[in-house]
Amino acid sequence: MSAAKQLLPQVPRYFKANLHTHSTISDGQLSPQEVKQLYKDLGYQILALTDHNIIVDHSDMTEPDFLMLTGVEVNYNHKNYRPGFDGPVYHFNLISKKPDTLWMPGSALHRYPGGLEYEKYMYCEQMDMSYSSHGANAMIAKANEMGFLVMYNHPTWSCNSYPDYAPLKGLWGMELRNSECCMLGNNENNARVFKDLLNLGNQLYPLGTDDMHKPRAAGLSWIMVGAPQLCYDSVITALENGDFYMSCGPEISGLSITGSTLKITCSDAHHITLESHGRFARRMSAEGGRWIREAEFDLTGFFAKADSEDMYIHLTVTAPDGSYAATRAYCLNELKQE
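Now for a description of the structure that goes with this document. (Residues numbered from 1 in each chain as written. Predicted model: local features only at pLDDT ≥ 70, side-chain atom pairs only at ≥ 80, totals over all residues. Heavy atoms only, no water.)

**Let's talk about the nonpolar core**
A general trend in soluble globular proteins is that nonpolar side chains are found buried together. In terms of nonpolar packing, the biggest core is built from 63 residues, with Leu69, Phe92, Tyr152 and Leu239 touching the most fellow members. Core analysis: the next-biggest nonpolar cluster, separate from the first, contains 43 residues, Tyr39, Leu47, Ile257 and Leu299 among them. (Core = buried A, V, L, I, M, F, W, Y, C linked by side-chain atoms within 4.5 Å. Buried < 20%, exposed > 50% of the residue type's maximum accessible area, 1.4 Å probe, protein only.)

**Here's the deal with the side chain of Asn153**
Summarising the element assignment, Asn153 is placed in the loop between strand 8 (148-152) and helix 3 (162-165). Residue classification places Asn153 among the buried residues on the basis of a relative accessible area of 0%. Of note is the side chain of Asn153, whose polar atom sits 3.1 Å from the side chain of Glu73. Setting aside chain neighbours within four positions, we find Asn153 in contact with His20, Glu73, His91, Phe92, Asn93, Ser158 and Glu175. (Helix = DSSP H or I, 4+ residues; strand = E, 2+ residues; numbered from the N terminus. Polar contact = N/O pair within 3.5 Å; in protein donor to acceptor, adjacent residues only side chain to side chain. Contact = heavy atoms within 4.5 Å.)

**Examining the side chain of Ser26**
Secondary-structure assignment places Ser26 in the loop between strand 2 (15-21) and helix 1 (32-41). Once residues within four sequence positions are removed from consideration, Ser26 is found in contact with Asp51, His52 and Tyr112.

**Quick word on helix 2 (residues 133-146)**
Each turn of an α-helix holds 3.6 residues, which means side chains three or four residues apart point in the same direction. Under the 1.5 Å per step criterion, the end-to-end length of helix 2 is 20 Å for 14 residues, consistent within 8% with the ideal 20 Å. Where helix 2 is buried, its residues contact strand 4 (67-77), strand 5 (89-96), strand 6 (103-105), strand 7 (123-125) and strand 8. Downstream of helix 2 by a residue or two, Gly147 has a phi angle that is positive, lying close to 100 degrees. (Expected span 1.5 Å × (residues − 1).)

**Description of unusual backbone geometry**
Of note, His154 is a non-glycine position whose phi angle comes to about 25 degrees, a positive value. In this fold, His154 is placed in the loop between strand 8 and helix 3. A relative accessible area of 2% means that His154 is categorised as buried. One non-glycine residue with positive phi stands out, namely Cys159, at about 60 degrees. With a relative accessible area of 36%, Cys159 lands in the partly exposed category.

**Regarding helix 6 (residues 232-241)**
Of all the positions in helix 6, only Tyr232, Ser234, Val235, Ile236, Ala238 and Leu239 are classed as buried. A positive backbone phi angle near 75 degrees is found at Gly242, which sits one or two residues after helix 6.

**What to know about the sheet that holds strand 17 (residues 292-298)**
Strand order in the open sheet formed by four strands is 1-13-14-17, with antiparallel pairing between adjacent strands. Looking at which strands have only one partner, the edges of the open sheet turn out to be strand 1 (5-6) and strand 17. Pairing of strand 1 with strand 13 (residues 252-258) involves two bridges; the strand directions are antiparallel. Considered in strand 13, the bridge of Lys5 is made with Ile257. (Pairing = 2+ DSSP bridges.)

This is how it looks when you write it as structure tokens:
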């Protein structure tokens, strides 16, 4: 029997991260220092402050056991959009691969007094910021060129339907779950959007974020990053490679494939679900009041039907309380062994 191929990185520890938060630099309630301390107290090791339309290098707050990433949330608002009212928008987070890359598209549109002192440090490139997939894709392409990971944020809150998100190209990841939006009443559990984008040929990763404006939303959704060490370059490389999983509760401790048998180990689960690009799907469920902590899936049928290297599988672990964790999508060429 061939040796198991590990699909999650084998590193000494995983680091807990939130890539979407706000501070008093834009419309958050807490100062950057207070946001950092809140997440540190909640057991996180990585944080990106992504204030609206203002990008700030917070490296001065990095410590040996806590890493600050540089980021910004940019907004594309429909011409008829008014805050608090329905109307389609695009929101994207840009996570810089280098802490001191302070580029962003458009002008300083933040209109927040807390951000004024930081404007002189960033470079704004004038771009079309009106609501259109053409304009959004131009920004995404430029952001990738400038050295950013581009996240697609809260499509449900953004009133985005299939024609809005289907044309988007060049995304690194998307919010599978956004805690703040869920607390507002939006069904920001975006499994359908995620699968649609995968089926359109995009290679993007699922993210759990808080989008924290008020402390009540802190610590509710996150990613666990399998980086060899807690430093900027190592974490960015892990993010680029998809060496993480998202969660709002369960832990995933292992994911491997031996031949055509896929095995996942996790914390207590009510059920574990495997999905693919098509109808091939499997579920392992708890029985008799005993939770499960592992599952094995035979992928023989998937391998027989998959006719393209873009075909994929991904898994979701659902805990007894309904919270869940999700792996990224693994394509056919990643699953096959030599």
